[in-house]
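Here are the chains, one letter per residue:
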Amino acid sequence: MDQLEFLLLQFLVPDNAARKAAEEQIRKLSKDSQIVPALLHHIRTAQAPNVRQLAAVLLRKKVTGHWMRLPAEGKNSAKSILLESVTADPVQPVRRASANVVSVIAKHAVPAGEWPELLPFLFQCSKSAQEDHREVALILFSSLTETIGDVLRPHFSTLQSVFVAGLNDQQSNRVRVAALKAVGALVGYIQTEEEVIMFRELIAPILNVSRSCLESGDEDVAILAFEIFDELVESPAPLLGPTIPVIVQFALEVCSNKSLESNTRYQAIQIVSWLAKYKPKTLVKHKLVTPILTVMCPILAEPDARHSEDEVSSDRAAAEFLDTMAMSLPKKHVFPPVLAFAVNNFQNPDPNWREAAVMSLGVISEGCYEVMKGKLVGVLNLVLEALKDSEQLVRGAASFALGQFAEHLQPEIVEHYERVLPCIFNVLSDPVPEVQEKAYYALAAFCENLKEEILPYLGQLMERLLEALQSHRRDLQETCMSAIGSAAAAAESSFIPYTERVLQILQNFMISTKDEDLPVRARATELVGIVGLAVGKGVIEPVLPNFIEAAIAGFTLDFSELREYSHGFFSNVAEILEEGLVPYLPRLVPLALASCNLDDGTALDFDDSGDEADMSNGLGGLSSDDENESDNKRVRNISVRTGVLDEKAAATQALGLFALHTKKAFMPYMEDCLKVLKKHAGYFHEDVRLQAMIALQHLLTATQATFPSQNNRISPESKHVLDTVMDIYLRALNEDDDKDTVSQVCSSIVDVIKSVPLEAVQQYIVKLSEATLMLLRQEAVCQQTGDTDGEGDDDDLEHDDILMDAATDLLPAMASCMGGGFEPIFRQLFEPLMKFATHSRPPNDRTMAVACVAEVAKEIRHEIVPYIDTVMPIALKELSSPEPTNRRNAAYCVGELCLHGGETAKLYYMSILTALHPLFTDRETDDGVRDNAAGAVARMIKANAQAIPLSQVLPALVGALPLKEDIEESESVYGSLCGLIFASHPDILLLIPQLVPIFAQTVASEDVKPEVKSLIGQAVNQLCLAYREQMQGLLSALPPQEASALGAVMGQH
């Protein structure tokens, strides 16, 4: 050990060879426990500060491995020397390095009771008149809290007073910073109510420190406070509570202060954004939403004042925040203030404010889609007017907003295509390239949901798109390809005249190997598949082989985005070729599996800043003996190569579609794919998990097709896959935190239940019903915001409509396989389901609950009787709802309740007929509502015709026919009428002249089931036998096509 000081000096010289030799010698010496006292000696006595610091850094790395072998005297000496260094060394980096050694030793010594004097020593230091002592005490408290927080719990009240004193230290900025860091370390250990109250007392000092630092220009300290608030917001403990309004007020002050650095303002915006995401109930409870938006919306109008590309501009940060608000909070609180901002500033003389007005509407359209649909005409007028603005930034914002509307305000936005498309076409010629690109984005988004509406514009559209596609602007080429894909999907076979020219252009893109051309090549590869799906197998199949080979060749170019879009292309090819894909499986499946197994580049970024970190970087292979050393550092960020995530998701999707469309030929790859999908079902990113859930269902479908059930018993091969899939699905329902993934799992389970015998899924029903109950109670993991600070009426917070629709679909699915046996389970689910039907709930909630009960009644039949008195009054009220969907579902529900409700339902017949009557008049403008009303009356007739005044009811029923939209009601409606004809009921015979043309139109329809047509044929035959002459006259008056169709079904009997 005599040469240790020389080796330490050698380690610090710039000569790499000398450093390497010293490193190797130190490595050998470090195996001996005597390295500890030797390093301690140099920490205490070395003349050069950098040697003392390096000795401390090395000791931190090596002390754990030797500590237990040191004699008591050696341990006591070490503790004494280190505490002396921490307080007495004149150089701050040395004190910091020694403090880190103290922290490492304390992690083991304090819980074992071997260092009782440490905490009193630190408490004494915290009160020292010397700034250095106060700072190092707080640094060590921070470090100790992170490593042995539970051991420190009995001292939390004392720690709190120390932290308050540190935060209020008027003499030292360093002490205040150390106190802030120490407070941050404490957050994760707060659990009890007493600790929560104690911690809240720290909020005011934190804010005071932050304000003081901002006033003095020390913005970095304020940012540190914001980082602590970040952690407080995400904490499961209600640490913020009543302090949230004060924090919001402070954050808004910072947000709106244009003299501050952009990063400081961004951190403040992030705090409010996290509160919106994690504490939405609290913001609503304290009426903070409007004040927040009043500050945030104007920030959208600020010009970009960034000094570097790495900074986030304030207007961009505000836009991201508005999106979060719209997605997280009740729309009735978010939309009105934003709309008022847009309307008030739409004609502002400053173009930045006009841009902000239009941009705000586009940004919130995804989150506020339901309420915006009701205001669509006015909102659309504003945006279309902005497309004509003299300023390019306003036209660009309007194009962006239109694209957002097209994506999120479906299907209502499509109804305005005659106004929107010509406006977009005009902007495609905009002289500013950035505006052009956004206009093409809007065009692509709008066309994606058009069908035959696009045909009158297709020629003009394709002329513009093909011209732009052959420009030299790559960004415009990519956007054009997206628009061409949308146009092809909408036009379908009408796109065939453009197919050859489009494919020729795409073929040129798909052979390019230059790095700068690969993003466009990726889009071109995707577009070939989209065009192929649109024009059909007959057109695309002859030319597909060359494109498939080009796509496979692209995997040699090592470009993740190209691989991603190629997997998407192969997915489309699978749908086009189906069995024709089989020859390619030996090449495509390994490519997909390789992408699924790629290293995603996940990296943890530890907060290991400071001088010691810089010195540690030079220690090369001198690794720590403490395997858990990283536990001492806080993880600040997780970075991932997002391109690889997208590639994994696309490859996962491809595997599922390969299985779905090739079935038996895919079986050799089944186990490898199951293994990958099981892993991806638990992947950290929701996009990959979502695709895994879909693909698992496809693998089960392929297995069932290959090994079908026999005698209502599932095959062993299918049972193996089913058990794997259901275990994953149930785990996802209970544990996955992503609503979209859970929604997909619900939908997949519904399909699985319908596809297998009851015996195969019986073992999962109890767990499935328990998970469904959690979803209905809105207590599932994916439904938690973590807002323990907020209390109040949950009715004021909206749930995810797609998730709850999917969850309520589980009830009739279980009922369909269990029949009346589902009733005991339904009994447990009924009350939480009906909470969605209360008058305070929005219309879509009420109709969801009513429709769910109707579908369950259909499956459990007379077992629905105990629930009729609760549901029927709700359904009757919904029959007069202003929403067509509510009226439709209510009509369907009362019909099913009457069909299966026996005497209990009979008591409501007159009330039902009274409520249904307006739906048969000219006041009802929705064909679907009238069809469902007809279905309800038909079910009532089938259940108890004697309880209905048929002479009054039948004319209205027949007058509503033929069915126009909900053709599924054919079986009930025409079955009921035919039943009356078979019974020769006098009231129906009077209506035969009206019924015969209706029957003829019905059997001529391709949408009506053969069984219904057959029943009509039998009824008309009976009428012909009984009333030959009258029927001959009626039949001869029919149009030839309908007469022929009716004659055909009559001839079957």
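These figures come from a predicted structure and were not determined experimentally.

The rules we used
Residues numbered from 1 in each chain as written. Predicted model: local features only at pLDDT ≥ 70, side-chain atom pairs only at ≥ 80, totals over all residues. Heavy atoms only, no water. Helix = DSSP H or I, 4+ residues; strand = E, 2+ residues; numbered from the N terminus. Buried < 20%, exposed > 50% of the residue type's maximum accessible area, 1.4 Å probe, protein only. Contact = heavy atoms within 4.5 Å. Areas by Shrake-Rupley, 256 points an atom, 1.4 Å probe, with all protein chains shown as cover. Lys, Arg positive; Asp, Glu negative; His and termini not counted. Charge placed at Lys NZ, Arg CZ, Asp CG, Glu CD. Core = buried A, V, L, I, M, F, W, Y, C linked by side-chain atoms within 4.5 Å. Phe/Tyr/Trp six-rings, centres within 6.5 Å; stacked < 30°, edge-to-face > 60°. Polar contact = N/O pair within 3.5 Å; in protein donor to acceptor, adjacent residues only side chain to side chain. Axes fitted to C-alpha atoms, helices over the stretch in contact; angles between N-to-C directions. Parallel < 35°, antiparallel > 145°, perpendicular 65-115°, else oblique. Left-handed = near helix turned anticlockwise from the far one by under 90°. Nonpolar A, V, L, I, M, F, W, Y, C, P; charged D, E, K, R; others polar. Expected span 1.5 Å × (residues − 1). Salt bridge = Lys/Arg side-chain N within 4 Å of Asp/Glu carboxyl O. pLDDT = per-residue confidence, 0-100. Disulfide = S-S within 2.5 Å.

Caption draft 1: Spatial organisation of the overall build of the protein chain. A tally of regular secondary structure across the protein chain gives 55 helices and 2 strands. Its C-alpha atoms put the protein chain at 125 × 70 × 65 Å along the principal axes. In the protein chain, which comprises 1053 residues, the proportion classed as buried is 56%. In the protein chain, 74% of the contacts between residues at least 6 apart in sequence involve partners at least 24 apart. As displayed, the protein chain has an accessible area near 44700 Å², and 50% of this comes from carbon and sulfur atoms. One way to put it: in the protein chain the 89 positive side-chain charges average out to a point 3 Å from where the 144 negative ones average out.

Caption draft 2: The arrangement of the environment of Glu195 in detail. Along the chain, Glu195 turns up in helix H11 (residues 193-200). For Glu195, a relative accessible area of 7% gives the class buried. With 35 residues separating them along the chain, Glu195 and Gln160 place their C-alpha atoms 9.6 Å apart. Excluding residues within four positions of it along the chain, Glu195 makes contact with Arg153, Phe156, Tyr189 and Ile190.

Caption draft 3: View of the nonpolar core. Counting 379 residues, the largest nonpolar core has Phe822, Phe826 and Leu916 as its most contacted members. Looking at this core, the element that brings in the most residues is helix H42 (residues 801-818), giving 11 residues. In contact with Phe826, not counting residues within four places along its chain, are Leu811, Leu833, Val853, Val856, Ile860, Ile864 and Tyr867.

Caption draft 4: Representation of the packing of aromatic side chains. Using the criterion set out here, one finds 17 aromatic pairs in the structure. For the pair Phe495 and Tyr498, a centre-to-centre distance of 5.8 Å together with 45 degrees between the ring planes defines the contact as tilted. A relative accessible area of 22% means that Tyr498 is categorised as partly exposed. Between Phe826 and Phe830 the ring centres are 5.6 Å apart and the planes differ by 65 degrees, which places this aromatic pair in the edge-to-face class. Placement of the pair is Phe826 and Phe830 together in helix H43 (residues 823-834), with a separation of 4 residues, close to one helical turn. For Phe826, a relative accessible area of 0% corresponds to the buried category.

Caption draft 5: Seen up close, the side chain of Thr662. Considering the arrangement of structural elements, one finds Thr662 in helix H35 (residues 642-662). Looking at Thr662, its side chain comes within polar contact range of the main-chain oxygen of Phe658, at 2.5 Å.

Caption draft 6: A look at the packing of helix H31 (residues 544-553) against helix H32 (residues 560-577). Contact pair H31 / H32: the axes reach a minimum separation of 10 Å and the direction vectors enclose 150 degrees. Relative to H32, H31 is oriented roughly antiparallel. For the pair H31 and H32, the sense of crossing is left-handed. Between H31 and H32, the contacting residues are Leu544, Phe547, Ile548, Ala551 and Ile552 on the first element and Ser566, Phe569, Phe570, Val573, Ile576 and Leu577 on the second. Of the residues that constitute the contact of H31 with H32, the class distribution is 10 nonpolar, 1 polar and no charged.

Caption draft 7: Structural detail: helix H10 (residues 173-186). Its 14 residues give H10 an end-to-end C-alpha distance of 20 Å, which sits within 8% of 20 Å, the value for a rise of 1.5 Å per residue. With respect to burial, H10 is a largely interior element, 11 of its 14 residues being buried. Every buried residue of H10 is accounted for by Val175, Arg176, Val177, Ala178, Ala179, Leu180, Ala182, Val183, Gly184, Ala185 and Leu186. The backbone nitrogen of Arg174 has a side-chain oxygen 3.3 Å away, supplied by the residue at the start of H10, namely Ser172.

Caption draft 8: Spotlight on the pattern of salt bridges. Going through the model one piece at a time under the given rule, you end up with 37 salt bridges. Where Asp389 meets Arg354, a salt bridge forms, and the shortest distance between an N and an O atom there is 2.8 Å. Pair noted here: Asp389 is in the loop between helix H22 (376-386) and helix H23 (392-408) and Arg354 is in helix H20 (residues 351-364), with a separation of 35 residues, a long-range link. Close ionic contact of Arg689 with Asp736 constitutes a salt bridge, the shortest N to O distance being 2.6 Å. Taken together, the positions of Arg689 in helix H37 (residues 686-706) and Asp736 in the loop between helix H38 (716-735) and helix H39 (739-755) put the pair 47 residues apart, joining distant regions of the chain. Residue Arg689 is classed as buried on the basis of its relative accessible area of 5%.

Caption draft 9: Examining the environment of Leu119 more closely. Summarising the element assignment, Leu119 is placed in helix H7 (residues 118-126). Setting aside chain neighbours within four positions, we find Leu119 in contact with Phe141, Leu144, Leu152 and His155.

Caption draft 10: The arrangement of the confidence of the model for the protein chain in detail. Averaged over every residue, the pLDDT of the protein chain is 88; residues scoring 70 or more account for 93%. Overall, residues 623-640 carries pLDDT values under 50, and its contacts beyond four positions in sequence, including any with other chains, amount to 51 contacts.

Caption draft 11: Representation of unusual backbone geometry. A cis geometry characterises the amide bond from Gln410 onward to Pro411, with omega recorded as 0 degrees. By secondary structure assignment, the location of Pro411 is in the loop between H23 and helix H24 (417-427). Phi is positive for Ser984, close to 55 degrees, though the residue is something other than glycine. One can find Ser984 in the loop between helix H50 (970-982) and helix H51 (986-989).

Caption draft 12: How the structure looks around the state of the cysteines. The final tally for this structure, using the stated rule, is 0 disulfides. Summary of cysteine pairing: Cys852 is not part of a disulfide, and the nearest cysteine sulfur, belonging to Cys893, is at 9.8 Å. On the accessibility criterion, Cys852 (4% relative accessible area) is buried.

Caption draft 13: How the structure looks around H37. The end-to-end C-alpha distance of H37, which contains 21 residues, comes to 30 Å, matching closely the 30 Å that a straight helix rising 1.5 Å per residue would cover. Counting buried residues in H37 gives 15 out of 21 residues, a clear majority hidden from the surface.

Caption draft 14: Fine view of the side chain of Arg354. Since its relative accessible area comes to 11%, Arg354 is described here as buried. If we skip the residues at most four places from it in the chain, Arg354 touches Asn345, Phe346, Gln347, Asn348, Pro349, Asp389, Ser390, Glu391 and Val394.

Caption draft 15: Spatial organisation of the packing of helix H53 (residues 1010-1026) against helix H54 (residues 1028-1036). Where H53 meets H54, the closest approach of the two axes is 6 Å, and the angle between their N-to-C directions is 125 degrees. Between H53 and H54, the interaxial angle falls into the category oblique. Only Arg1028, Met1031 and Leu1035 of H54 make contact with H53, whose side of the interface consists of Val1020, Leu1023, Cys1024, Leu1025 and Ala1026. Looking at the contact of H53 with H54, its residues break down into 7 nonpolar, no polar and 1 charged.

Caption draft 16: Up close: the environment of Arg44. With respect to the element layout, Arg44 can be found in helix H3 (residues 35-45). With a relative accessible area of 53%, Arg44 lands in the exposed category. Each C-alpha atom, one on Arg44 and one on Asn449, is 75 Å from the other, the two residues being 405 residues apart in sequence. Those residues in contact with Arg44 that sit more than four places away from it in its chain are Ile81 and Glu84.

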